[in-house]
Amino acid sequence: QVQLVESGGGLVQTGGSLRLSCAASGRTFRSYAMGWLRQAPGKEREIVAAISGSGSGRYYADSVKGRFTISRDNAKNTAVLQMDSLKAEDTAVYYCAASRLSYTTTTLMDYPYWGQGTQVTVSS
C-alpha cells in the first residue's frame, strides 16, 4: 500500500503563492512518477503537474505553465508543488497522486494512489 498526505492548502489572494507538500510512504517512492491533480466544482479532474521518478521529466498543464513548479526529494519521500501568481480559477481541491510507472504520465488511470486532498481557495 502507498499512502500520500498533502499539506499546505489554504486561502490566498489573487497573485499570491502557496506551497503544497506531499509526504509519501514506501521504499519504491523513487521509481514512482508523481502528479498533482485538482478538481473544482463543475470541472473535470485535471492533471496540473507531473514529475518522473528520477525527477528529470516534468509536465505542466497549459493553464499553470510558468506559474507552478513541481519538484521532488526522493531521499525524503516528498513531492512539492510551488504555486505562484495564483488566480481565482486555481481554486480547487488538490490531490497528490502516485503512479507505478516511472515516466511522467498524463493519464489519470495511471495514478492509482491518491492523497486525501487539500483545499486551495484563491480570493477575488
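Draft legend 1. Expanded view of the overall build of the protein. Each helix and strand in the protein was counted, giving zero helices and 11 strands. Tracing the protein from N to C terminus, the helices and strands come up as β-β-β-β-β-β-β-β-β-β-β. Along the first, second and third principal axes, the C-alpha atoms of the protein reach 40 × 25 × 25 Å. Here the contacts in the protein between residues at least 6 apart in sequence split such that 58% fall between residues at least 24 apart. Approximately 6,400 Å² of the protein is accessible, and the part contributed by carbon and sulfur atoms is 48%. Seen as two clouds, the 13 positive and the 9 negative side-chain charges of the protein have centres 7 Å apart.

Draft legend 2. Structural detail: the sheet that holds strand β3 (residues 18–24). The strand order β1-β3-β8-β7 describes an open sheet built from four strands, whose pairing is antiparallel. What marks the edges here is a single partner per strand, and that holds for β1 (4–7) and β7 (68–73). The mean angle between the axes of side-by-side strands here comes to 15°, regardless of whether they run parallel or antiparallel.

Draft legend 3. The arrangement of the pattern of salt bridges in detail. A full pass over the atoms with the stated rule returns four salt bridges. For the salt bridge of Glu46 with Arg38, the shortest nitrogen-to-oxygen distance reads 2.9 Å. Overall, the relative accessible area of 6% leaves Arg38 in the buried class. Where Lys65 meets Asp62, a salt bridge forms, and the shortest distance between an N and an O atom there is 3.3 Å. Among the residues examined, Lys65 registers a relative accessible area of 51% and is labelled exposed. Its relative accessible area of 68% is what places Asp62 among the exposed residues. A network of salt bridges, in which partner residues are shared, links Arg38, Glu46, Arg67 and Asp90.

Cut-offs used in this document
- Residues numbered from 1 in each chain as written.
- Predicted model: local features only at pLDDT ≥ 70, side-chain atom pairs only at ≥ 80, totals over all residues.
- Heavy atoms only, no water.
- Helix = DSSP H or I, 4+ residues; strand = E, 2+ residues; numbered from the N terminus.
- Contact = heavy atoms within 4.5 Å.
- Areas by Shrake-Rupley, 256 points an atom, 1.4 Å probe, with all protein chains shown as cover.
- Lys, Arg positive; Asp, Glu negative; His and termini not counted.
- Charge placed at Lys NZ, Arg CZ, Asp CG, Glu CD.
- Pairing = 2+ DSSP bridges.
- Axes fitted to C-alpha atoms, helices over the stretch in contact; angles between N-to-C directions.
- Salt bridge = Lys/Arg side-chain N within 4 Å of Asp/Glu carboxyl O.
- Buried < 20%, exposed > 50% of the residue type's maximum accessible area, 1.4 Å probe, protein only.

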